[in-house]
Amino acid sequence: MENKIIVRKYEEKDLPAMIRIWNEVVEDGVAFPQEECLDEKTGAEFFAAQTYTAVAENMENGQVLGLYILHPNNVGRCGHICNASYAVSRDSRGLHIGEKLVKDCVAQGKVHGFRVLQFNAVVASNVHARHLYERVGFRQLGVIPGGFRLKNGEYEDICPYYIELINTVDE
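### Quick notes on the overall build of the protein chain
Part 1 of the argument: Along the backbone of the protein chain there are four helices and eight strands.
Part 2 of the argument: The N-to-C order of helical and strand elements in the protein chain reads β-α-α-β-β-β-α-β-α-β-β-β.
Part 3 of the argument: The C-alpha radius of gyration computed for the protein chain amounts to 15 Å, which stays within 12% of the reference 16 Å derived for 171 residues, consistent with globular compactness.
Part 4 of the argument: With the principal axes as the frame, the protein chain shows a C-alpha extent of 40 × 40 × 30 Å.
Part 5 of the argument: Taken over 171 residues, the protein chain has a buried fraction of 44%.
Part 6 of the argument: Here the protein chain displays about 9,300 Å² of accessible surface, and carbon together with sulfur accounts for 50% of that area.
Part 7 of the argument: A gap of 5 Å separates the mean positions of the 18 positive and 24 negative side-chain charges of the protein chain.

What follows is the structure, given as structure tokens:
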């Protein structure tokens, strides 16, 4: 199935699946800082407000399997640094969809004029994501002890990552 998955700009018809997938990750409480789920209205506004939003679609059946959002990480003199979040549906994890999303996001970051892509809060125990980022060329900046409050109320370390977009080679 891997070759039948494309990453493309989202369309309005994708919103129900995108909101469901985003909310799965929020409800899991182990990766996203958000605590509030999106509804039809807030989801449409949220995804439209991003610099770029994309979905991973199974071309065989049109099913949306994952998504990412890309937006500035800061403003003004740091506005050239972008940030992104990735979400893959529970049923589609382990199919290398995250890798397709991350690689497309790096390319879109360049297209949109960003120079660096930075992740502020990668939860230390999210080893699959961390290994993926390192494989793609991201570098870990350090560790922030107890920087993420898990759904169960415990605190876990976060590991910021970055990649220079101006020096990466397109695949």
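### As for the nonpolar core
Part 1 of the argument: With 29 residues, the main nonpolar core has Tyr 68, Leu 70, Tyr 86, Leu 117, Phe 119, Tyr 133 and Phe 138 as its most contacted residues.
Part 2 of the argument: Breaking this core down by element, the ones donating at least two residues are strand S2 (52-58), strand S3 (64-72), strand S4 (81-88), helix H3 (97-111), strand S5 (116-123), helix H4 (127-136) and strand S8 (155-164).
Part 3 of the argument: If we skip the residues at most four places from it in the chain, Tyr 133 touches Tyr 86, Val 102, Phe 119, Val 122, Phe 138 and Tyr 161.
Part 4 of the argument: Counting residues in hydrophobic clusters, the runner-up holds 17 residues, among them Ala 17, Val 25, Val 26 and Phe 47.

### As for the environment of Ala 56
Part 1 of the argument: You can see Ala 56 is positioned in strand S2.
Part 2 of the argument: On the accessibility criterion, Ala 56 (0% relative accessible area) is buried.
Part 3 of the argument: Ala 56 sits 48 residues away from Arg 8 along the chain, and the two C-alpha atoms are 6.6 Å apart.
Part 4 of the argument: With sequence-adjacent residues up to four places away left out, Ala 56 is seen in contact with Ile 5, Ile 6, Val 7, Gln 63, Val 64, Leu 65, Gly 66, Ile 97 and Leu 101.

### Some words on the pattern of salt bridges
Part 1 of the argument: For the structure on display, the rule yields 13 salt bridges.
Part 2 of the argument: Where Glu 24 meets Arg 20, a salt bridge forms, and the shortest distance between an N and an O atom there is 3.1 Å. With a gap of four residues between them, Glu 24 and Arg 20 both fall in helix H1 (residues 15-28), about one helical turn apart.
Part 3 of the argument: Accessibility expressed as a relative area gives 38% for Arg 20, which makes it partly exposed.
Part 4 of the argument: The salt bridge partner of Arg 90 is Asp 28, with a shortest N-O separation of 2.7 Å. With Arg 90 in the loop between S4 and H3 and Asp 28 in helix H1, this residue pair connects regions lying 62 residues apart in the sequence.
Part 5 of the argument: Here Asp 28 falls in the partly exposed class, since its relative accessible area comes to 27%.
Part 6 of the argument: Shared partners join several salt bridges into a network, and the residues in it are Arg 8, Glu 11, Lys 13, Asp 14 and Glu 57.

Rules behind the numbers
Residues numbered from 1 in each chain as written. Predicted model: local features only at pLDDT ≥ 70, side-chain atom pairs only at ≥ 80, totals over all residues. Heavy atoms only, no water. Helix = DSSP H or I, 4+ residues; strand = E, 2+ residues; numbered from the N terminus. Rg over C-alpha atoms; globule rule 2.2 N^0.38 Å. Buried < 20%, exposed > 50% of the residue type's maximum accessible area, 1.4 Å probe, protein only. Areas by Shrake-Rupley, 256 points an atom, 1.4 Å probe, with all protein chains shown as cover. Lys, Arg positive; Asp, Glu negative; His and termini not counted. Charge placed at Lys NZ, Arg CZ, Asp CG, Glu CD. Core = buried A, V, L, I, M, F, W, Y, C linked by side-chain atoms within 4.5 Å. Contact = heavy atoms within 4.5 Å. Salt bridge = Lys/Arg side-chain N within 4 Å of Asp/Glu carboxyl O.

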